[in-house]
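Geometric and topological summary
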Amino acid sequence: MLSRAKAIRWQEIVTPLAAVVLALIIGSGFILFVGENPLTAYRILFVESFGSIRNLATTLQRATPLMFTGLAVAFAYRAGLFNIGAEGQVYMGAFAAAWVGFTFTGLPRFIHLPLAILAGMAGGAIWGSIPGYLKAKLGIHEVINAIMLNFIALYLTDWLATGPFHGGSWVPETARISPSAALTRLYPPTRLSGGIFLALAAAVVAYFILWKTRQGYELRAVGLNPQAAEYGGINVAKNTVIAMAVAGAIAGLAGTEQILGLHNRFIVRFSADLGFMGIAVALLGKNHPVGVLFAAILFGALQTGSAAMDRLTSVPRELITIIQALIIFFVAAEYLIRRILRMREEA
Amino acid sequence: MDKVLEMHAITKQFPRVLANDQVDFDLEYGEIHALVGENGSGKSTLMNILYGLYQQDAGEIVVRGRPVQINEPRVAIDLKIGMVFQHFMLVEPLTVAENIVLGAELKKGLFFDSKRAVQEVENLSRQYGLTIDPRAKIADLSVGLQQRVEILKALYRGAEILILDEPTAVLTPQEVEDLFKVLRTLKAKGTSIVFITHKIKEVLALSDRVSVLRRGRKVGTKATAETDEQNLAEMMVGRVVLFNVDKKPAQPGPEVLRMEQLTVEDQFGQVKVDQVDLSVRKGEVLGIAGVEGNGQSELVEAIAGLRKAASGRIFLGDREITNSSPLKVREAGFGYVPEDRHRRGLVLDYTVADNLILGIHGKKPFVKGCMIRDDQAVYENAEQIIEQYDIRPPVAKQLARSLSGGNQQKIVVGREFTQNPDLLICAQPTRGVDVGAIEFIHQQVIAQRDQGAAVLLVSAELDEILSLSDRVAVMYNGKIVSVMSADEVTEHKLGFLMLGGRLEDYGANEVNGHAK
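Residues numbered from 1 in each chain as written. Chains lettered and ligands numbered in written order. Predicted model: local features only at pLDDT ≥ 70, side-chain atom pairs only at ≥ 80, totals over all residues. Heavy atoms only, no water.

Topic: the packing of aromatic side chains
The line we're drawing: For this analysis, a ring pair means two rings from Phe, Tyr or Trp (six-membered ring only for Trp) whose centres lie within 6.5 Å, classed as stacked if their planes differ by under 30 degrees, edge-to-face if by over 60, and tilted for the remaining angles. Only when the NZ of Lys or the CZ of Arg is both within 6 Å of the ring centre and within 35 degrees of the ring normal is a charge said to sit over the ring.
A complete count under the given rule lists 17 aromatic pairs over all chains for this structure. Joined through ring pairs, the aromatic side chains of Tyr-91, Phe-95, Phe-102, Phe-165, Phe-266 and Phe-270 of chain A make up one cluster. Between the NZ or CZ atom of Lys-397 of chain B and the centre of the ring of Tyr-379 of chain B, over which it lies, the distance is 5.4 Å.

A look at the sheet that holds strand S12 (residues 217–223) of chain B
Adjacent strands of a sheet form backbone hydrogen bonds with each other and so pair up, either parallel or antiparallel. All names here are of chain B. Note the cut-off: Pairing between two strands requires that DSSP report at least two bridges joining them. Secondary structure elements follow DSSP: runs of H or I of four or more residues count as helices, runs of E of two or more count as strands, with numbering from the N terminus. For every element, the axis is a line fit to its C-alpha atoms; helices are fit only across the contacting stretch, and the angle between N-to-C directions ranges from 0 to 180 degrees.
Spatially, S6-S9-S10-S3-S11-S12 is the arrangement adopted by the six strands of the open sheet, whose pairing is mixed. Where the open sheet ends on each side, the last strands, each with one partner, are strand S6 (81–84) and S12. Here the average twist between neighbouring strands, direction ignored, is 15°. Alignment of S6 against strand S9 (residues 161–165), held across four bridges, turns out to be parallel.

Quick word on the pattern of salt bridges
Residue and element names in this part refer to chain B. Selection rule: The salt bridge criterion pairs a side-chain nitrogen of Lys or Arg with a carboxyl oxygen of Asp or Glu, the two atoms within 4 Å. With a 1.4 Å probe rolled over the protein chains alone, any residue whose accessible area is under 20% of its type maximum counts as buried; one over 50% counts as exposed, and the rest are partly exposed.
Inspection of the entire model under this criterion finds 37 salt bridges over all chains. Among the salt bridges present, the one from Arg-258 reaches Glu-255, with a minimum N-O distance of 3.7 Å. Using a relative accessible area of 30% as the deciding quantity, one classes Arg-258 as partly exposed. A salt bridge links Arg-343 to Asp-340; the nearest nitrogen and oxygen atoms lie 3.7 Å apart. On the accessibility criterion, Arg-343 (32% relative accessible area) is partly exposed. We classify Asp-340 as partly exposed; its relative accessible area is 29%. By sharing partners, the salt bridges in this structure join Lys-3, Asp-26, Glu-28, Glu-31 and Arg-209 into a single network.

Regarding the interface of chain A and chain B
Going by this rule: What makes two residues a contact is simply this: any of their non-hydrogen atoms within 4.5 Å. Using a 1.4 Å probe, buried area is obtained as the accessible area two parts lose upon being combined, added over both of them. By the criterion applied in these results, polar contacts are pairs of N or O atoms within 3.5 Å in which, for protein atoms, one can donate a hydrogen and the other can accept it, and in which residues neighboring in sequence qualify only through two side-chain atoms. When residues are sorted by character, Ala, Val, Leu, Ile, Met, Phe, Trp, Tyr, Cys and Pro go into the nonpolar class, Asp, Glu, Lys and Arg into the charged class, and all the rest, Gly among them, into the polar class.
Contacts between the two partners involve 26 residues from chain A and, on the opposite side, 39 residues from chain B. Interface of chain A and chain B: buried area, both sides summed, is about 2800 Å²; carbon and sulfur atoms make up 58% of it. Run the count over chain A and chain B and you get two salt bridges. Note that Lys-212 of chain A and Asp-375 of chain B form a salt bridge whose closest N and O atoms lie 2.8 Å from each other. Between the two partners, chain A and chain B, sit 19 residue pairs in polar contact (both at pLDDT 80 or more). Counting only elements with at least two residues in the side of chain A that touches chain B, the list comes to helix H1 (2–33), helix H7 (195–212), helix H8 (214–224) and helix H9 (226–231) of chain A. Looking at which element gives the most residues to the side of chain A that touches chain B, the answer is H8 of chain A, with eight residues. Of the residues belonging to the side of chain A that touches chain B, the class tally is 11 nonpolar, eight polar and seven charged.

Structure representation (structure tokens):
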């Protein structure tokens with residue numbers, strides 16, 4: 001029977017890998033179509049994203065926000081919730097962090113930076129807990145509210161950054177944050193920041209909460225069988241709010257990292273779908289913190305490598321978007337992959 | 001007589017389990033052959049091989065004298081073999097007729113010919129005497145009627161050999177009676193039937209012959225007329241089974257549970273429990289008998305804090321627990337085996353160990369400090385209960401989903417009983433559980449009583465009520481219509497009251513001296 005448990009865990013790893021391989025195979029068809037050699041294109045893709053420390057640093061820098069948003073989606077999913085609101089939580093977290101960053105100047109770094117990070121987490125947590133609360137109290141599906149809240153966050157921060165907190169330049173952004181709130185750049189000239197450590201820590205904490213605490217036991221029970229959870233004396237409503245708040249805090253960290261580590265100010269609509277990419281990352285990472293880290297690195301690598309592929313071959317960088325879409329398609333079509341791999345499920 | 005089906009020396013190996021070990025099985029034309037055995041004895045595997053869902057590793061299948069290879073259900077259907085599963089495979093929003101013809105739809109040009117489908121289903125249902133409205137939506141049908149649709153589906157595809165996998169597990173007693181009538185009619189029309197069950201009474205009531213499996217091997221085949229309950233149970237379990245629980249007279253103490261004028265409504269605002277006054281005392285088993293759906297579930301859920309009481313009060317000991325949260329009720333000393341272990345009692349995708357702490361997961365020793373989980377304590381607890389309650393296979397890290405029904409139930413029972421609650425509610429504690437496990441669970445219920453628990457037993461099985469209860473309450477239409485001490489109760493009397501009869505009207509002779 002243990003072998004069965006192992007077989008399941010093995011499957012959890014094999015299916016995403018197979019999805020990636022299949023997507024690359026089909027992608028090579030597109031590359032052939034534009035008249036290039038797929039092996040050359042993929043070699044460039046790989047070398048440019050992993051070939052040197054500098055390239056690796058760029059890949060990790062791109063992966064960092066996706067680690068956060070992937071974790072934000074995965075964490076909520078474990079409690080049976082679909083956090084489609086990560087995008088809005090990213091913006092709210094980012095703005096909160098930026099606000100602390102440019103408002104409380106003159107603080108020493110060891111106070112200012114943690115304060116800005118906490119503000120970012122709080123911004124995301126509040127935004128995440130709203131759909132959680134509405135679901136818990138009124139039974140409104142979290143997806144509907146989260147989508148609406150995405151728009152509210154987007155336009156609210158638009159207005160804040162161009163209105164009351166406009167930085168004064170001709171671009172739609174706030175003032176720069178004080179250097180005392182900025183995350184350290186780890187490997188200049190790449191833009192990899194200390195935020196990567198925050199992301200790794202977030203993964204460890206998420207794992208710990210889910211599998212090593214009483215709270216995690218309750219969250220996962222609610223996700224797997226809310227009726228049994230209720231029977232076991234678990235407060236389903238409370239856990240729904242907690243799950244969304246924690247997920248929101250992690251998504252808020254994505255925005256925080258982007259502001260304190262990369263842009264150093266709040267730029268209107270900087271996120272460009274980081275939150276939505278998090279759904280794909282979580283899916284590919286099988287909603288497990290470790291899987292999410294690897295999935296985020298893969299997506300970061302694809303983005304890093306695609307620019308070079310675009311530059312050095314006639315393969316357009318949009319191909320990478322197609323490959324990403326194919327990966328998601330194959331992960332979602334897990335059954336199909338199992339058939340292809342002839343992994344027969346024991347009924 | 002000629003055989004319509006013969007299976008010779010069928011062997012099937014699953015990872016770590018030899019599910020079928022050289023099993024022989026045969027079926028005569030127009031007979032009902034019961035296939036019995038405890039959960040996990042290989043009955044379903046054998047029939048799934050026949051239906052083409054599994055492939056045997058060794059052995060031969062002969063249908064109507066010809067050796068056949070059945071590697072998918074399609075082949076089985078072509079051989080006129082039909083199977084009705086325990087969990088139905090029906091499309092709920094579609095009608096009866098649409099479901100029956102599904103996959104073999106009649107067409108009129110490009111379109112589905114629904115008129116003819118309805119007509120054909122009507123003909124079929126008349127031919128076999130299986131009354132059903134072809135235009136009804138599946139979602140609106142009772143479980144018993146849905147099963148009838150499954151049977152019609154098989155017949156529509158020409159089935160002459162019909163396999164039913166534990167068909168009675170999901171039915172109420174009345175529905176079981178109806179099903180038996182249907183099966184006898186089918187038999188009279190020449191259909192050969194394999195009837196999988198682990199309920200011995202059903203075997204005796206229905207079948208012509210019976211084959212017993214135990215741990216993947218066939219123990220024997222007998223003509224039903226030549227066997228009896230005790231004999232079959234011994235064949236199934238491999239040892240003598242005690243049907244009557246050995247128990248001493250109860251030593252009832254003070255009241256533990258008291259309900260006053262308790263009224264509970266369902267989600268549609270309909271009164272399900274109607275002004276019930278009832279109490280259970282320390283050291284006694286109070287059985288609530290009743291046909292399912294007469295308010296028992298709602299009554300129990302209201303006590304457990306899973307459903308709001310519309311009015312009235314509930315006391316546990318000297319604490320009022322009316323409309324308390326499930327956690328508060330548990331903390332007041334409450335253990336609860338729910339009627340539906342899959343829906344309520346277990347998180348199927350949790351391990352056995354994790355399921356064994358559900359409800360006490362926040363207590364010492366399972367948490368260190370206030371939050372951190374103590375894995376070691378969780379596994380020690382699991383090892384202990386697994387051993388004490390003989391949960392098989394004895395692997396704490398296995399998912400609850402992969403255990404048989406009887407062993408899943410032992411998880412729930414073990415978890416709730418080892419907490420030694422003051423009040424223990426057991427709702428249908430042996431539903432879908434095999435004979436050996438039933439005996440064990442019954443002994444544990446009595447053991448709890450003798451240790452001083454107040455036990456409230458809700459069961460649709462009259463045998464269970466009669467053999468365990470010290471007092472019996474009958475529930476009908478939301479009301480407790482009668483409370484009797486165990487020695488005043490007979491099966492016949494209970495059946496009469498459960499169907500809405502009034503004690504005053506019960507046969508004059510029998511009532512003498514008993515009526516209150």
